[in-house]
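A closer look at the structure
Below, each chain spelled out in residue letters.
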Amino acid sequence: MAKRDNQPTRARFYQVGLISPQSALLQLIGKALQQGLPVGVAAGDPQHAQWLDDFLWKFEPDSFLPHGVAGGEFDADQPVLIGVGPADANGAELLMVMSGQVVDPPEQFAQIFDFADGRDPQSLAASRERYRFYRERGCVMEYWAQESGRWVLKNNQSPPNSGDE
């Protein structure tokens, strides 16, 4: 497992609206790489993983994000590893979930980033269900939304029975 300490997993939910979830993914991967943190990206299926791979190669040709698709002989060396489901063969502490799936158990990662399209009621409803799932499992919860082109922390909750509420 990639998680290195006994701290609860931090589940961060991002409601995107002004930009696409993929653009938010680029921003957050860039910040993680600046901090030297390996990242896992969870795609929904092999076609989605390939699409994300192509997206990271082509989105901004002048700003390459080093990455690979899980299943190769150099998975452990990839700063960003895209997998079908949770990818941690590279020691990822951060998992960017682009598939709308639940990570179970969540504690295998220090942080889980979950994206919902704020313009899509179904995406928001599914995100709320995942939020409840992680909260019930003791994750520290954060909810971020875009306002005037910036990310704003809207809610930050400690796990139930943690004594921090």
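Bear in mind that the values here come from a model prediction, so they are computed numbers and not experimental data. (Residues numbered from 1 in each chain as written. Predicted model: local features only at pLDDT ≥ 70, side-chain atom pairs only at ≥ 80, totals over all residues. Heavy atoms only, no water.)

Our next topic: the pattern of salt bridges. Here the structure, examined in full by the defined rule, presents 6 salt bridges. Residue Asp114 is joined to Arg130 by a salt bridge in which the shortest nitrogen-to-oxygen separation is 2.6 Å. Linking Asp114 in strand β6 (residues 111-117) with Arg130 in helix α3 (residues 121-136), this pair joins segments that are 16 residues apart in sequence. Residue class for Asp114 comes out buried when judged on its relative accessible area of 1%. Overall, Arg130 belongs to the buried group, its relative accessible area being 6%. Between Arg137 and Glu136 there is a salt bridge whose closest N-O contact spans 3.7 Å. (Salt bridge = Lys/Arg side-chain N within 4 Å of Asp/Glu carboxyl O. Helix = DSSP H or I, 4+ residues; strand = E, 2+ residues; numbered from the N terminus. Buried < 20%, exposed > 50% of the residue type's maximum accessible area, 1.4 Å probe, protein only.)

With 16 residues, α3 should reach 22 Å at 1.5 Å per residue; the first-to-last C-alpha distance of 23 Å fits that figure. Its buried side turned inward, α3 meets β1 (10-16), β6, β7 (140-147) and β8 (150-157). In this structure Asp120 caps α3, since a side-chain oxygen of it lies 3.0 Å from the backbone nitrogen of Gln122. Downstream of α3 by a residue or two, Gly138 has a phi angle that is positive, lying close to 90°. (Expected span 1.5 Å × (residues − 1). Contact = heavy atoms within 4.5 Å. Polar contact = N/O pair within 3.5 Å; in protein donor to acceptor, adjacent residues only side chain to side chain.)

Moving on, we come to the environment of Pro66. Locating Pro66 in the fold gives a position in the loop between α2 (46-58) and β3 (68-69). Overall, the relative accessible area of 28% leaves Pro66 in the partly exposed class. Residues within four places of Pro66 in sequence aside, it is in contact with Leu33, Pro79 and Val80.

Now for the packing of aromatic side chains. Going through the model one piece at a time under the given rule, you end up with 4 aromatic pairs. Judged by centre distance (5.3 Å) and plane angle (10°), the rings of Trp51 and Phe55 are stacked. Of the two residues, Trp51 and Phe55 are both situated in helix α2; the distance of 4 residues between them amounts to about one turn of the helix. The exposure class of Trp51 is partly exposed, given its relative accessible area of 42%. Members of the aromatic cluster, joined through ring pairs, are Phe13, Tyr131, Phe133 and Tyr134. (Phe/Tyr/Trp six-rings, centres within 6.5 Å; stacked < 30°, edge-to-face > 60°.)

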